[in-house]
Amino acid sequence: MPESWATSVDLHLDLAPARGRPALERALRDAVRSGRLAPGTRLPSSRALAADLRVARNSVAETYGQLVAEGWLEARQGSGTRVASRVPVSPPAPVPTAPRRQPRHSLRPGSPDLSSFPRTAWLAASRRALASAPAEALGYSDPRGRPELRRALADYLARARGVHADPGRIVVCGGFAQGLGLLCDVLRAGGARSLATEAWCQSGTRSIVADRGLELSTVPVDESGARLDPSPEAGGADAVLLTPAHQFPLGGVLAAERRTAAVHWAVATGGLLIEDDYDGEFRYDRHPVGALQGLAPDRVVYAGTASKTLAPGLRLGWLVLPAPLLEPVVAAKVLADRQHGALDQLAMAAFVDSGGYDRHVRRRRLAYRGRRDRLVAALAEHAPRARVTGVAAGLHALVHLPPGRTEAEVVAAAARRGLALEPLGLYATGSATHPPALVVGYGTPPDHDFATAVNLLCAVLA
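As the structure is a prediction and not an experimental result, all values here were calculated from the model.

Caption draft 1: Geometry of the overall build of the protein chain. Helix and strand counts for the protein chain come out as 14 helices and 16 strands. C-alpha atoms of the protein chain, sized along the principal axes, occupy 85 × 55 × 45 Å. For the protein chain, buried positions account for 52% of its 462 residues. Per element, the accessible surface of the protein chain, about 21,600 Å² overall, is 53% carbon and sulfur. A distance of 6 Å separates the average location of the 55 positive side-chain charges in the protein chain from that of its 44 negative side-chain charges.

Structure, rendered in C-alpha cells:
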C-alpha cells in the first residue's frame, strides 16, 4: 500500500532559506518546543515528509534519529515516530497590553439590551427554517440574499415602515456598514466624487465613505433634522446620507417640509439620498414616522438592519435599491463576499413570517419606552439642571449638562464610578457646535443593571 498522510498529522515546517538537515532539525525542535506539535503526536513517515518538503529521505531519517537520541522524539516498532511524551513545552510569550480598567456599567449608545434577544423564538424559527429548507439553500445562491427573506422583508417594510419594496430590489448584506461600503463603491465607479453626511453622525460612517475614495462634506442639523435645501454644503454632493426617522445623535425627526426639500434636491440635482433607518420601529409618543423612501423610491436607497431590533451580532442588514443601482450593487456584493449566511437568513425569514419579529419589536418598544421614562424622571428628580432633548424614540437620549460642567469632566467622573458614557462632541464633524451634552444609551444595559447605571449617572450630574 502506498504511504499516506491519512494516519499522521498535517505538518507545516518552514525551512527557508536553507533546506538541509540542520534546518529540518531546528524546525522540528521549534515546533515541539512551542507546542505546535503536542506530546504523543504521530509524525509523517520519513518517505512522506521527504516528498512533501522535497528533501532527501536520508536527511529526514537522520533527523528523526538525532531527535530521538536527544529525547525530542520517540520511535517505536510498528507505531512510527512520535513526539516524546515528556518534552517540556514553552508557552508562547504573553503579548504585553496596557492596563485598562473596564467599566462595570455602560450607558453608551449603539446597542440594544443583548440579554433581551428572543433566544427561544429564534431557535424555533431556525429549526422550522432548516427543516423545510431546500438543499440548494446550503450552496452558492443569489447574492441579493435568500428569496424567502427578501419576500418577508418586502412585506414587513411595506406594512411597518411605508417602504416601496419589491423583493427583487432588496439586497441582504452584513449590516449597515457593509451596505454603505457597497453603495460608495458603486457611486465612485459611476463617477460620483462626493458624499455628504449630517454634521452630527457616527465617525465610523464617515471613515467608510473616506476609505472608498469619496470626498466628504456635511449638511447642518438642528432640532428639525438636516437642512438640505438651500444648503451650499450639499449642493456639490452626489449623495447625501440622512437619518430621517430619528437623527443620530441629536434625536430630532426630519420635519415634513425638509423631507420634501430633500426629495426636491435629489430630483433637481440627480443626486441620491441614502436613508439610514437604524431604529425607525422605536417611536414612543406616537406612531412611527414612515420612511423617506416612500416619497421617492427612485431617488432614495433605504437601509435597514436588525442590529437594534435584535442584535448586531447577527450581521443582518438590507438595502432597498432604485432599479438603476440594483445590478451594480449586486456585482459589488459578489466581489465583497458573494452572499450572507443562508441559515441566518432563513431563520430571519421564518421569524418574520411567523409574526415573532412583530411581537418582539412590540415588547421591546414597551420596554425601551419604560426605560426612557425612568431615565427622564430620575434626572428630573436628582439632577434637575440636566435637560433631556430629542423625540421619545430609539435607544438613546441627548442629555444636556448642567451649567458649568464639561463633557470631559463628566465622562471622567463617571468612569471613576465604573460607568461608561459618551460625550456628544465625539460625533461632531467640521465646524458643528452644540452645548455640552451626553449621548445616553438607555437601551444598552441589561434589565438588572439599568437602575444602577441611571443612579450612577444622576450622582455624577448632581
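That was the structure; now back to the text.
Caption draft 2: Quick look at empty space enclosed by the protein. For the coordinates displayed, the defined rule picks out 2 cavities of 30 Å³ or more. Looking at the largest cavity, its volume works out to about 40 Å³. Taken together, the residues that form the lining of the largest cavity break down as 5 nonpolar, 2 polar and 2 charged. The space that makes up the second largest cavity amounts to roughly 40 Å³. L157, D277, Y278, E281, Y302, G304, T305 and W318 are the residues that line the second largest cavity. When its residues are assigned to classes, the lining of the second largest cavity shows 4 nonpolar, 2 polar and 2 charged.

Caption draft 3: Highlighting the sheet that holds strand 16 (residues 437-440). The sheet built from 3 strands is open, its strands ordered 13-14-16 with antiparallel pairing. The sheet terminates laterally at strand 13 (387-389) and strand 16, the two strands that pair on one side only. Here the average twist between neighbouring strands, direction ignored, is 30°. Bridge count between strand 13 and strand 14 (residues 397-400): 3 bridges; the pairing is antiparallel. Pairing of R387 across the sheet is with H400, part of strand 14.

Caption draft 4: Here's a closer look at the packing of helix 12 (residues 356-382) against helix 14 (residues 447-461). Taken N-terminus to C-terminus, the directions of helix 12 and helix 14 make an angle of 30°; their axes are 10 Å apart at the nearest point. Viewed along their axes, helix 12 and helix 14 adopt a mutual orientation that is roughly parallel. The two elements helix 12 and helix 14 meet at a crossing, and its hand is right-handed. Of the residues in helix 14, those touching helix 12 at R371, R374, L375, A378, L379 and H382 are D447, F450, A451, V454, L457, C458 and L461. Among the residues making up the contact of helix 12 with helix 14, the classes are represented as 9 nonpolar, 1 polar and 3 charged.

Caption draft 5: Up close: the nonpolar core. One finds L310, M348, L457 and L461 to be the most contacted residues of the largest nonpolar core, which totals 63 residues. At 8 residues, helix 14 tops the list of elements feeding residues into this core. When residues no more than four places from it in sequence are discounted, the contact partners of L461 are L379, A383, A386, V399, L401, P402, R405, V410 and L438.

Caption draft 6: A look at a nonpolar patch on the surface. A cluster of nonpolar side chains, namely L130, L138 and L343, defines an oily patch on the protein surface of about 320 Å² accessible area. L138 sits in the exposed class, given a relative accessible area of 59%.

Caption draft 7: Inspection of the environment of G251 at higher detail. Tracing the backbone through its elements, the reader meets G251 in the loop between strand 9 (239-242) and helix 9 (256-269). Residue G251 is classed as buried on the basis of its relative accessible area, which comes to 3%. Sequence separation between G251 and A397 is 146 residues, and the spatial gap between their C-alpha atoms is 6.8 Å. Those residues in contact with G251 that lie beyond four places of it in its chain are H246, G390, V391 and H396.

Caption draft 8: Broad picture of the packing of helix 4 (residues 119-132) against helix 11 (residues 342-353). Two numbers describe how helix 4 lies on helix 11: the axes approach to 8 Å, and their chain directions differ by 110°. The angle between helix 4 and helix 11 places the two elements in the roughly perpendicular class. Judged by the twist between their axes, the crossing of helix 4 over helix 11 is right-handed. Note on element contacts: helix 11 touches helix 4 through L343, D344, L346, A347, M348, A350 and F351, opposite A121, W122, A125, S126, R128, A129 and L130. Taken together, the residues of the contact of helix 4 with helix 11 sort by class into 11 nonpolar, 1 polar and 2 charged.

Caption draft 9: Representation of helix 2 (residues 46-53) within the structure. Listed in full, the buried residues belonging to helix 2 are S46, A48, L49, A50 and L53. Tucked inside the fold, the buried residues of helix 2 contact helix 1 (21-33) and helix 3 (57-70). Downstream of helix 2 by one or two residues, R54 has phi in the positive range, about 60°.

Caption draft 10: Representation of the layout of surface pockets in the model. Estimates place the volume of the largest pocket at around 560 Å³. If you list the elements that add at least two residues to the lining of the largest pocket, you get helix 6 (175-189), strand 5 (194-198) and helix 7 (203-211). Along the lines of polarity and charge, the residues of the lining of the largest pocket split into 10 nonpolar, 11 polar and 5 charged.

Caption draft 11: Focus on the confidence of the model for the protein chain. Chain-level statistics for the protein chain give a pLDDT mean of 91 and a share of 93% at 70 or above. Here residues 1-8 scores under 50 on pLDDT; set against residues more than four positions off or in separate chains, the count is 13 contacts.

Caption draft 12: Quick look at the sheet that holds strand 5. The 7 strands are arranged 4-12-11-10-9-5-6 in an open sheet whose pairing can be described as mixed. Each of the sheet's edge strands pairs with one partner strand only, and the pair in question is strand 4 (170-173) and strand 6 (215-219). Between one strand and the next, the sheet's axes are offset by a mean angle of 20°, whatever the strand orientation. The strands that helix 7 touches are strand 5, strand 6 and strand 9; relative to strand 6, the one it contacts most, it runs at about 145°.

Analysis parameters
Residues numbered from 1 in each chain as written. Predicted model: local features only at pLDDT ≥ 70, side-chain atom pairs only at ≥ 80, totals over all residues. Heavy atoms only, no water. Helix = DSSP H or I, 4+ residues; strand = E, 2+ residues; numbered from the N terminus. Buried < 20%, exposed > 50% of the residue type's maximum accessible area, 1.4 Å probe, protein only. Areas by Shrake-Rupley, 256 points an atom, 1.4 Å probe, with all protein chains shown as cover. Lys, Arg positive; Asp, Glu negative; His and termini not counted. Charge placed at Lys NZ, Arg CZ, Asp CG, Glu CD. 1 Å grid on protein atoms, 1.4 Å probe; cavity = no way out; pocket = protein on both sides within 12 Å on 5 of 7 lines; lining within 4 Å. Points joined across faces, edges and corners; volume = space filled by probe spheres on them. Nonpolar A, V, L, I, M, F, W, Y, C, P; charged D, E, K, R; others polar. Pairing = 2+ DSSP bridges. Axes fitted to C-alpha atoms, helices over the stretch in contact; angles between N-to-C directions. Parallel < 35°, antiparallel > 145°, perpendicular 65-115°, else oblique. Left-handed = near helix turned anticlockwise from the far one by under 90°. Contact = heavy atoms within 4.5 Å. Core = buried A, V, L, I, M, F, W, Y, C linked by side-chain atoms within 4.5 Å. Patch = residues over 30% accessible without salt bridge, like charges linked within 9 Å, V, L, I, M, F, W, Y side chains within 5 Å. Salt bridge = Lys/Arg side-chain N within 4 Å of Asp/Glu carboxyl O. pLDDT = per-residue confidence, 0-100.

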